[in-house]
Every structure is written in C-alpha cells, then in structure tokens.
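Structural features, examined
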Amino acid sequence: MGWSRAVPVLLSIICVAAGVPDGPEVQVIDVLSLQDSKQSVAAVERLAGGLSTLSDAYVMSTLRLPAKLGGVLLGLYSKQDNRKFLELAVMGKINKVLVRYIRADGKLHTVNLQNANLANGRSHSIILRLGGLHRDNMLTELYVDCRLADSSQDLPPLVPLPREAEMVEIRHGQKAYARLQGAVESLKVALGGSVAKAGALTDCPFQGDSSTYNSVSGDVNSILGDHTKALIGQLIIFNQILGELRQDIREQVKEMALIRNSIMECQVCGFHEPRSRCSPNPCFRGVACMDSLQYPGYTCGPCPPGTTGNGTHCDDLDEV
C-alpha cells in the first residue's frame, strides 16, 4: 500500500465516530447547561477528577463566527487572582486557536494551533484533544469539521485544579459570540474516551459503522509504525512553518509597497521639486533669466539693444 492510500486511511481512522471498540465510560459535561453555582461546582469537581486520573480530555463545540472575529470559547479561572488554569480562544483574524494554561512553574503557557478557518460566517465543529495528561509531555490536537487541522507535542503538563472546586470559575463565550452576531451552538467537555467517541458527540460528518473502523484500523496498523507517525508529525510542523513564512512574506511585500509609494510621493523623505527663481521672470522685459547657485538664485542676460543696465534694470541710452 503506497502513500496515496496511506494518508486517506489515516485521516479516516481519525474521524471515524461510531462502531469503535468498547472502552472506558466517557464522562460528558454540557457546559452551556450549567445554570447555577451548584451545578458549576459539581462540573469543576468532575473536571478535576477526570484531569487527574484520565489520560485524555476533549473540548467539543459547534460554533459560528463572522469574518475575522473571535474570542474566548471556554475557560477555567481562579476566582482569587483570575489565573488561567485552562483557556481556549478562537482568533478569527489570523485563523488560529490559542490554548493557554498555567504550567508547573506558575507561568502562563500558550499553544498556537494553526489552520483554524472558523471565522467565515458558517457553522463549524471543533474538537480539541488534550492527550498524555499524566506523561512528562502533553500533546494537543485540533480537529476542524472532523479533520486534523494542527497538533503540538512535547508540551508542559497542566497544573491540577484546586481541591476547593468553589474557587474555580467556568466561563464560556456564548454571550460574547452572540454580541458579535455569531453563536456557540454547543459546548461540551468529554473526559476519557477517544477522538472517535468525541466525534460521535458532535455533528461530525465522518461517522461510519464498525466494519469500516475494523478494516481501516487493520490497514493503518499494517502500514503505520512509530517512524511513520513521527514523520507525519514533522510534516504537520513543516506545513505550519511554511504557513508562517508565507504570512511574513506577504507582510514584507505590503511594507515594501508602502515605502516605495511614500518615496515616490515624497510623503516621508520631504524631497520637493525646487521652485525656479526665474518664475515669474525677475529680469527686465525681454531679458532672459537663468537659474544660478549664487545669490539671489538667478542671473539675467544683457539688456536689449539701445538700453544699458544689469539685466534686471535697463535704461534707454538716450536718457542716460
């Protein structure tokens, strides 16, 4: 089996959402249904327990944003000092999803996930996977409309949520998105499970039966090893770097065009075409005027025949 078949198979196995083998029970928290502080505290307790015992967690949402707009979709914050235990934000203007969280050293860590074309006025489903929660290095994967958009590996782990659940506040962007003429149609957090099970909880178009899953997984296992998976990860990173370079080049082209136009129009350098001292002609009527570097900046030719003077003032010879 060649690469032309391997890559579609890989994408298919990622997005299969039904008929997966049975696994641990998935805990699902419907964030938009939290109505009061009691429900929020209970949700924080479930989150704290799941993040401390499970290896994977998923944030799933269906949302709609106008062009180039965005904002925070979901966040877990400290009520004491507003620290970001975990925050997920959509940056529509630059097609990114930002994941921010507190590291073990107390500093804020930011993960930039690219290729998130979400702000175009249409509804999209996203799945954010937080994997390897109990390993030395965590990973994140972003799925947009059930396609892997970007991933980031070797990340510092999350800091455990405080034991006092009432000290953690859950915020979401439903009202903020509505003010932007957008919408957060659904927002859920799944603790445990797999990407396929998370996709089954959203309006993911990639849903198949168990036979599809089994045949696809068999093909993947036969062609993909650790080296191939590592290569795919490197290709994703390389594509991300190319995208950033392309954006930088576009910005530099714009800057060069602005500088060129400014120089041509003399808006920046202050250069102006020097005004001729011979306009209007300061010499005697009919006498030629020439620009000069000497004071007063011009030189007059000789006086007309029958007159005498310095070219600026001429008198008739009969009157002299």
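Note that the coordinates shown come from a computational prediction; the quantities given were computed from them, not determined experimentally. (Residues numbered from 1 in each chain as written. Predicted model: local features only at pLDDT ≥ 70, side-chain atom pairs only at ≥ 80, totals over all residues. Heavy atoms only, no water.)

What follows covers the sheet that holds strand 3 (residues 71-78). Here five strands make up an open sheet; going across it, the order is 6-5-4-3-10 and the pairing antiparallel. Each having just a single partner strand, strand 6 (108-113) and strand 10 (168-172) make up the two edges of the open sheet. Between one strand and the next, the sheet's axes are offset by a mean angle of 10 degrees, whatever the strand orientation. Both strand 3 and strand 4 (residues 84-91) contribute to a ladder of six bridges, which runs antiparallel. Bridge pairing in strand 4 links L74 to L88. Packing against the sheet, helix 2 (residues 37-53) makes contact with strand 3 and strand 10, and its axis sits at approximately 100 degrees to strand 10. (Pairing = 2+ DSSP bridges. Helix = DSSP H or I, 4+ residues; strand = E, 2+ residues; numbered from the N terminus. Axes fitted to C-alpha atoms, helices over the stretch in contact; angles between N-to-C directions. Contact = heavy atoms within 4.5 Å.)

Our next topic: a positive patch on the surface. Taken together, K68, K93, R246, R250 and K254 make up a surface patch of like positive charges. For K93, a relative accessible area of 66% puts it in the exposed group. (Patch = residues over 30% accessible without salt bridge, like charges linked within 9 Å, V, L, I, M, F, W, Y side chains within 5 Å. Areas by Shrake-Rupley, 256 points an atom, 1.4 Å probe, with all protein chains shown as cover. Salt bridge = Lys/Arg side-chain N within 4 Å of Asp/Glu carboxyl O. Lys, Arg positive; Asp, Glu negative; His and termini not counted. Charge placed at Lys NZ, Arg CZ, Asp CG, Glu CD. Buried < 20%, exposed > 50% of the residue type's maximum accessible area, 1.4 Å probe, protein only.)

Turning our attention to the state of the cysteines. Overall, the coordinates contain three disulfides when judged by the stated rule. Across the disulfide from C283 sits C300; the S-S distance is 1.9 Å. Across the S-S bond linking C283 and C300, the dihedral sits near -90 degrees, which makes this disulfide left-handed. Of this pair, C283 sits in the loop between helix 6 (226-264) and strand 12 (289-291) while C300 sits in strand 13 (residues 298-300); the two residues are 17 residues apart in sequence, bridging distant segments of the chain. By relative accessible area, C300 is classed as buried at 13%. The disulfide partner of C303 is C314, and the S-S distance across this bridge is 2.0 Å. Its S-S torsion of about -80 degrees marks the bond between C303 and C314 as left-handed, since a negative value means left-handed. You can see C303 sitting in the loop between strand 13 and strand 14 (307-309) and its partner C314 sitting in strand 15 (residues 314-316), a full eleven residues away along the chain. Assigned by exposure class, C303 and C314 land together as buried. (Disulfide = S-S within 2.5 Å.)

Moving on, we get to the packing of aromatic side chains. Applying the stated criterion to the full structure yields zero aromatic pairs. Above the plane of the ring of F284 lies R285, whose end atom (NZ or CZ) is 5.6 Å from the centre. (Phe/Tyr/Trp six-rings, centres within 6.5 Å; stacked < 30°, edge-to-face > 60°. Lys NZ or Arg CZ within 6 Å of the ring centre and 35° of its normal.)

To continue, consider the pattern of salt bridges. Evaluation of the coordinates by the stated rule reveals six salt bridges. Salt-bridge contacts for R129 lead to D56; the nearest nitrogen and oxygen are separated by 2.7 Å. You can see R129 sitting in strand 7 (residues 123-131) and its partner D56 sitting in strand 2 (residues 56-64), a full 73 residues away along the chain. Look at D56 and you get buried, because its relative accessible area is 11%. Measuring nitrogen to oxygen at the nearest pair gives 3.3 Å for the salt bridge that ties R129 to E141.

Geometric descriptors of this kind do not, in isolation, establish any biological role.
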